[in-house]
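Notes for the structure review
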Amino acid sequence: MDRYERVPIREESREDRLERFALIDHPYLLEEAVLEGQRCLECAMPYCVQGCPITQDCRGYNVLIGQRDFDGAARLTLRDNPLANVLCKTCYHFCEDDCIMAGRGIPIAIRHLKQAALQYGKSDLQYVPAKRKEERIAIVGGGPTGLMAAWDLAVRGHPVTLFEQEGFVGGQINTIPRYHLDEESLKIDLARWRNLDITWVTGRRAGVDFTPKGLLAEGYEAVLVSIGASKPRELNIPGEELPGVYHALPFLLAMNAQPGGLFGRTGRRVVVIGAGDVALDAARSARRLTKGGEVLLVYRRGPEDMKATPEERSGGEIEGVRYIFYRAPKAILGEDHVEGLVVERTAHGPPDAKGRRTLVTVPHSEETIECDMIVVAVGEVADVSGFDPDYDFKFSSMGWPEGKRPDWMTDVEGVFATGGRSVVHAMGAGERAAAAIDAYLAKKHGRAPEPRPDPFGGADPPPPTPPGYGGATWTP
Ligand SMILES: Cc1cc2nc3c(=O)[nH]c(=O)nc-3n(C[C@H](O)[C@H](O)[C@H](O)COP(=O)(O)OP(=O)(O)OC[C@H]3O[C@@H](n4cnc5c(N)ncnc54)[C@H](O)[C@@H]3O)c2cc1C
């Protein structure tokens, strides 16, 4: 086999994709995985590992799979990565972008090899905590940032309490459509937290039921705020409150809970407003709702400005999403249900003071796009209502609150805050925050900060917390 050619990955056909709300990518067969693993060049300088926000040793598991050691590959994967089942299906694989083979052919299918490691290797491994420490730590928010921080602190021996406003943890992972992530994967991963000293408190909302400062007063010695950005940004146009208008996150969450069923009459013509990954997820999910119908994605700028990944965009094209560019929403029409979206044409205006292209609306260019469902996917912001101003959060460009200091501590001593733009970035942020909290507590109690121990209780520790993902130096 030519080393520069990837072992092909099979996908569902267009027809099957629209018929079933199921995974698109098929896993490698065992022999295919071995062949793909053998393509790895075992680079002395593993850019793939360095490009990963959690420095997952992907070079290591590629090589082990090439040697048919699937148990070793699974152990190595899980050593660094307790959300491996989720990531082997959803990660945007920054490792593959940095793979040296990308310059010579097609990068190693590192994400699919992770899946093979877990599928063909012994992967029901349990983590064990190090010797118990006394300092209690609270984590607010159970998305991947909070989960990873809880894991990293608990394997260091800290007792952790994780507070989550919903009745379930996982955060936005729960909104990822079933054609990218099946329901089982998150469940399998979460079971790995079982042996650790973590108290899970669900259905409690910071800012309403308790505050981070209140947790310090109760005796927690450090608090991590990892609440993400899950409040939908609104369009603020007339008609947004009409039945039939959904915001993307509740829409996707409901689709995952009960595909199609919650929406009564399925949309015959659905308009999705936005052009990022979440908008594409909403549009592609809507395609699965509208058999024989139509899904239109409306964006106020052109194709070159779309933020969605190439994979999401081509997925949308294959599945028949129609793109309408240079239209800005102006109003939503309808009496007791949405009937149409009024849009105005847009065009590029003169550059602004910073030289960026501005957008202007074209006078007298209104038109109405008839539809019976609209999904608004124009971003999210953090909801910090009920948090007092003392924390003085800064907000990332994607909305989540962060502490202003390099280690993400806020203006309230002992309270840290962070988040991430993808699952693996969020995990990297959680890992950094855990290291910062451990260092803060070590200093306070006059002991040395602890490196991360081998989470399986052996003598094979994971790599140190990755450099370059610290607050001050990292622009997510
Ligand atoms: C539709 C969709 C698809 C995505 N697809 C992918 C993908 O394929 N691959 C990928 O890598 N990334 C994907 N992402 C991005 C990824 O899910 C996020 O970057 C990641 O979940 C952020 O993690 P987080 O822990 O910082 O925040 P979140 O995941 O938002 O978690 C925050 C948690 O805090 C809780 N919370 C909020 N406020 C409070 C409060 N006041 N009190 C208590 N708890 C609170 C929330 O309920 C939530 O559980 C997707 C996101 C969306 C929305």
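For the structure itself, consult the block above.
Residues numbered from 1 in each chain as written. Predicted model: local features only at pLDDT ≥ 70, side-chain atom pairs only at ≥ 80, totals over all residues. Heavy atoms only, no water.

Glancing now at the site of the ligand. Not every one of the 31 residues close to the ligand is listed here, only the nearest: Thr90, Thr145, Glu164, Gln172 and Ala206. Within the contact set of the ligand, a nitrogen atom lies 2.8 Å away from a backbone nitrogen or oxygen of Thr90. Its free accessible area being 1000 Å², the ligand has 96% of it covered by the protein chains. Contributing elements (two or more residues each) for the shell around the ligand: α9 (144-155), α12 (248-257), α13 (277-289) and α15 (423-444). For the shell around the ligand, the per-class residue count stands at 11 nonpolar, 14 polar and 6 charged. No fewer than three residues from each of domain 2 (137-230 + 382-444) and domain 3 (232-379) sit in the shell around the ligand. (Near = heavy atom within 4 Å. Polar contact = N/O pair within 3.5 Å; in protein donor to acceptor, adjacent residues only side chain to side chain. Areas by Shrake-Rupley, 256 points an atom, 1.4 Å probe, with all protein chains shown as cover. Helix = DSSP H or I, 4+ residues; strand = E, 2+ residues; numbered from the N terminus. Nonpolar A, V, L, I, M, F, W, Y, C, P; charged D, E, K, R; others polar. Domains from an automatic or database assignment.)

What follows deals with the environment of Arg284. Checked against the element boundaries, Arg284 lands in helix α13. Distance in space between the C-alpha atoms of Arg284 and Gly60 is 35 Å, their sequence separation being 224 residues. Beyond its immediate chain neighbours, meaning those up to four positions away, Arg284 contacts Arg17, Ile24, Tyr179, His180, Glu311, Glu312, Gly315, Gly316, Glu319 and Val321. A polar contact of 2.9 Å, which involves the side chain of Arg284, links it to the side chain of Glu312. (Contact = heavy atoms within 4.5 Å.)

To continue, consider the packing of aromatic side chains. How two aromatic rings sit relative to each other is given by the distance of their centres and the angle of their planes. Counted by the stated rule, this structure contains 14 aromatic pairs. With a centroid separation of 6.4 Å and 85° between ring planes, the pair formed by Tyr92 and Phe94 is classed as edge-to-face. With a centroid separation of 4.7 Å and an interplanar angle of 40°, the aromatic rings of Phe163 and Phe210 are classed as tilted. Of this pair, Phe163 sits in strand β2 (residues 160-164) while Phe210 sits in the loop between β3 (198-202) and α11 (212-217), and the two are 47 residues apart along the sequence. Joined through ring pairs, the aromatic side chains of Phe387, Tyr391, Phe393 and Phe395 make up one cluster. Positioned above the aromatic ring of Tyr220, the side-chain terminus of Arg136 is 4.1 Å from the ring centre. Geometry around Tyr179 places Arg288 over its ring, the cationic atom sitting 4.0 Å from the centre. (Phe/Tyr/Trp six-rings, centres within 6.5 Å; stacked < 30°, edge-to-face > 60°. Lys NZ or Arg CZ within 6 Å of the ring centre and 35° of its normal.)

A separate point is the nonpolar core. Core analysis: the biggest nonpolar cluster contains 49 residues, and Ile139, Trp193, Leu196, Ile198, Phe416 and Ile437 have the highest contact counts within it. When residues of this core are traced back to their parent elements, those giving at least two are α6 (84-90), β1 (137-140), α9, β2, β4 (222-225) and α15. Counting residues per element, this core draws most heavily on α15, at 10 residues. Inspection of this core shows a minimum of three residues originating in each of domain 1 (14-120) and domain 2 (137-230 + 382-444). Core analysis: the second largest hydrophobic core is formed by 24 residues, Ala248, Leu252, Met255 and Met306 among them. (Core = buried A, V, L, I, M, F, W, Y, C linked by side-chain atoms within 4.5 Å. Buried < 20%, exposed > 50% of the residue type's maximum accessible area, 1.4 Å probe, protein only.)

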